[in-house]
Amino acid sequence: MELERFGSCTLDQDGCETCGDNAVPVRVLKLEGKNALVEDRLGQRKKVATDFTPSVRPGDVLLVHAGVAIGIPEPR
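Residues numbered from 1 in each chain as written. Predicted model: local features only at pLDDT ≥ 70, side-chain atom pairs only at ≥ 80, totals over all residues. Heavy atoms only, no water.

J.: Would you explain the overall build of the chain in this entry?
T.: For the chain, the count of helices and strands is zero helices and five strands. Going from N to C terminus, the chain has its helices and strands arranged as β-β-β-β-β. Here the chain holds 76 residues, and 36% of them are scored as buried. The long-range fraction of contacts in the chain, counting pairs at least 24 apart against all pairs at least 6 apart in sequence, stands at 42%. As displayed, the chain offers around 4600 Å² of accessible surface, 48% of which is attributable to carbon and sulfur atoms. (Helix = DSSP H or I, 4+ residues; strand = E, 2+ residues; numbered from the N terminus. Buried < 20%, exposed > 50% of the residue type's maximum accessible area, 1.4 Å probe, protein only. Contact = heavy atoms within 4.5 Å. Areas by Shrake-Rupley, 256 points an atom, 1.4 Å probe, with all protein chains shown as cover.)

J.: Is there a simple way to think about the pattern of salt bridges in this case?
T.: If charged atoms from side chains of opposite charge come close, those side chains can pair. Applying the stated criterion across every chain yields a total of three salt bridges. The shortest N-O distance in the salt bridge between Glu32 and Lys30 comes to 3.5 Å. The class of Glu32 is partly exposed, set by a relative accessible area of 26%. Put simply, Glu39 and Arg45 hold a salt bridge, and the shortest N to O gap is 2.9 Å. Assessed through its relative accessible area of 22%, Glu39 is described here as partly exposed. Residue classification places Arg45 among the exposed residues on the basis of a relative accessible area of 53%. (Salt bridge = Lys/Arg side-chain N within 4 Å of Asp/Glu carboxyl O.)

Written out as structure tokens, the structure reads:
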């Protein structure tokens with residue numbers, strides 16, 4: 001699954017500016033407690049909170065806004 005399918009935003013430019021409401025599509029690389037290390041379509045990595053997506057697993061695509069995973073765009 002290509003991340004571009006879910007939008008063109010990247011981790012360094014999520015479009016917010018309080019609040020432009022763009023979410024960044026990312027892939028989960030690994031879980032670290034209630035955080036996940038994710039990677040965007042350009043290969044940029046960041047840790048994000050996964051409190052709103054407790055069923056997330058490595059390999060999943062997440063939508064991230066302001067450092068928080070806000071959804072899983074497709075069911076497994």
